[in-house]
Amino acid sequence: MNQLLLQYAYLQVLDFLTTVAFLLHGIREANPLVRMALLYAPHPLGGLLMVKAAAIGLGLYCWWRGRNRLLSRINLLFALVVAWNLAALILQSARLAQF
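Structural notes, computed from the coordinates. Fair warning: this is a prediction, and the values are worked out from it, not measured in the lab. Every residue gets a number counted from 1 within its own chain, in the order that chain's sequence is written. This being a predicted model, a pLDDT of at least 70 is required before a residue's local features are given, and a value of 80 or more before pairs of side-chain atoms are given or counted; all residues contribute to the totals for chains, interfaces and linings. Calculated side-chain values reflect all of the structure's heavy atoms, with hydrogen atoms and water omitted.

Let's shift gears to the overall build of the protein. For the protein, the count of helices and strands is four helices and zero strands. Listing every helix and strand of the protein by position from the N terminus yields α-α-α-α. Overall, the C-alpha framework of the protein stretches about 50 × 30 × 20 Å when taken along its three principal axes. With a 1.4 Å probe rolled over the protein chains alone, any residue whose accessible area is under 20% of its type maximum counts as buried; one over 50% counts as exposed, and the rest are partly exposed. Across the 99 residues that make up the protein, the buried fraction comes to 31%. Strands here are runs of E lasting at least two residues and helices are runs of H or I lasting at least four, both read from the DSSP assignment and numbered beginning at the N terminus.

In structure tokens:
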């Protein structure tokens, strides 16, 4: 399996986990598509899983079609998203701890 696809899948898992963590800490989802999925799904976790399943499908499609440059760029984007999620968690935790 292509290294880019493995990185993509890993970043999707990290995005999923950090999104769940910041939702549990009361941080609002910034992505309007994900926010809509969370709102309209029978359970927010199900909505997030639906979005991640679609994202994995898109990653597989890019890999299958040989769109490695696009997959590399998407990996960079999701690395930034995960970093953003972690920063949001740290800021919210600092607010709650009242540093």
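Relative to the assigned elements, Thr-18 resides in helix α1 (residues 3–24). Residue Thr-18 is classed as buried on the basis of its relative accessible area, which comes to 9%. Leaving out residues up to four positions away in the same chain, Thr-18 has contacts with Val-82, Asn-85, Leu-86 and Leu-89. Residues count as neighbours in contact if any of their non-hydrogen atoms are within 4.5 Å of one another.

Inspection of the secondary structure assignment puts Leu-4 in helix α1. Along the chain, Leu-4 and Leu-60 lie 56 residues apart, while their C-alpha atoms are 10 Å from each other. Ignoring anything within four residues of it in the chain, the contact list for Leu-4 reads Asn-68, Leu-71, Ser-72 and Asn-75.

Purely spatial values, then, with no claim about function.
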